[in-house]
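Chain by chain, the residues run as shown.
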Amino acid sequence: MPRLGQFGFHLNRGSWRIYQVTSVFPVAGGLSGYGMTELEHESIYPIEEREKARERVYELNGWNYRPPK
């Protein structure tokens, strides 16, 4: 589950888009829901460039990116 302020990516209309979590709230069953906002200033990645979108999210979150084997 993403945390408030964390970045992520998702597929939208055939391209990968970067978003940021803007709210986290409780929902039924003790689970958490979250609101997200697409970042307009970030690149939009074609469907075949999923790994580039993932790498960018790792960079934004300050995580160490490791390419898949």
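Below, the structure is looked at part by part. (Residues numbered from 1 in each chain as written. Predicted model: local features only at pLDDT ≥ 70, side-chain atom pairs only at ≥ 80, totals over all residues. Heavy atoms only, no water.)

Description of the pattern of salt bridges
Overall, the coordinates contain six salt bridges when judged by the stated rule. For R56, the salt bridge identified is with E42, shortest N-O distance 2.9 Å. Placement of the pair is R56 in helix α1 (residues 50–61) and E42 in the loop between β3 (32–38) and β4 (45–46), with a sequence separation of 14 residues. Relative accessible area serves as the criterion here: at 10%, E42 is assigned to the buried category. For R50, the salt bridge goes to E51, with nearest N and O atoms at 3.9 Å. In this structure R50 comes out as partly exposed when scored by relative accessible area, which is 38%. Judged by relative accessible area, E51 falls into the partly exposed class, the value being 24%. Overlapping salt bridges bring together E42, R56 and E59 as one network. (Salt bridge = Lys/Arg side-chain N within 4 Å of Asp/Glu carboxyl O. Helix = DSSP H or I, 4+ residues; strand = E, 2+ residues; numbered from the N terminus. Buried < 20%, exposed > 50% of the residue type's maximum accessible area, 1.4 Å probe, protein only.)

Description of the pairing of β3
Of the pairings in the sheet, the one linking strand β2 (residues 15–26) to β3 comprises seven bridges and is antiparallel in character. Bridge pairing links V24 to Y34 in β3. In sequence, β2 turns back onto β3 through a hairpin of five residues, with G29 there showing a positive phi of about 80 degrees. (Pairing = 2+ DSSP bridges.)

Focus on the nonpolar core
Formed by F7, F9, W16, I18, L39, Y45, A53 and V57, the largest nonpolar core amounts to eight residues. Elements represented by at least two residues in this core include exactly β1 (7–12), β2 and α1. (Core = buried A, V, L, I, M, F, W, Y, C linked by side-chain atoms within 4.5 Å.)

A few points about the packing of aromatic side chains
Each pair of aromatic rings is reported with the distance of its centres and the angle of its planes. Going through the model one piece at a time under the given rule, you end up with three aromatic pairs. Relative to W16, the ring of F9 lies with its centre 5.4 Å away and its plane at 65 degrees, an arrangement referred to as edge-to-face. Here the two residues F9 and W16 agree in accessibility, since each one is buried. Linked through ring pairs, Y58, W63 and Y65 together constitute an aromatic cluster. Above the face of the W16 ring, R50 is positioned so that its terminal group lies 5.7 Å from the ring centre. (Phe/Tyr/Trp six-rings, centres within 6.5 Å; stacked < 30°, edge-to-face > 60°. Lys NZ or Arg CZ within 6 Å of the ring centre and 35° of its normal.)

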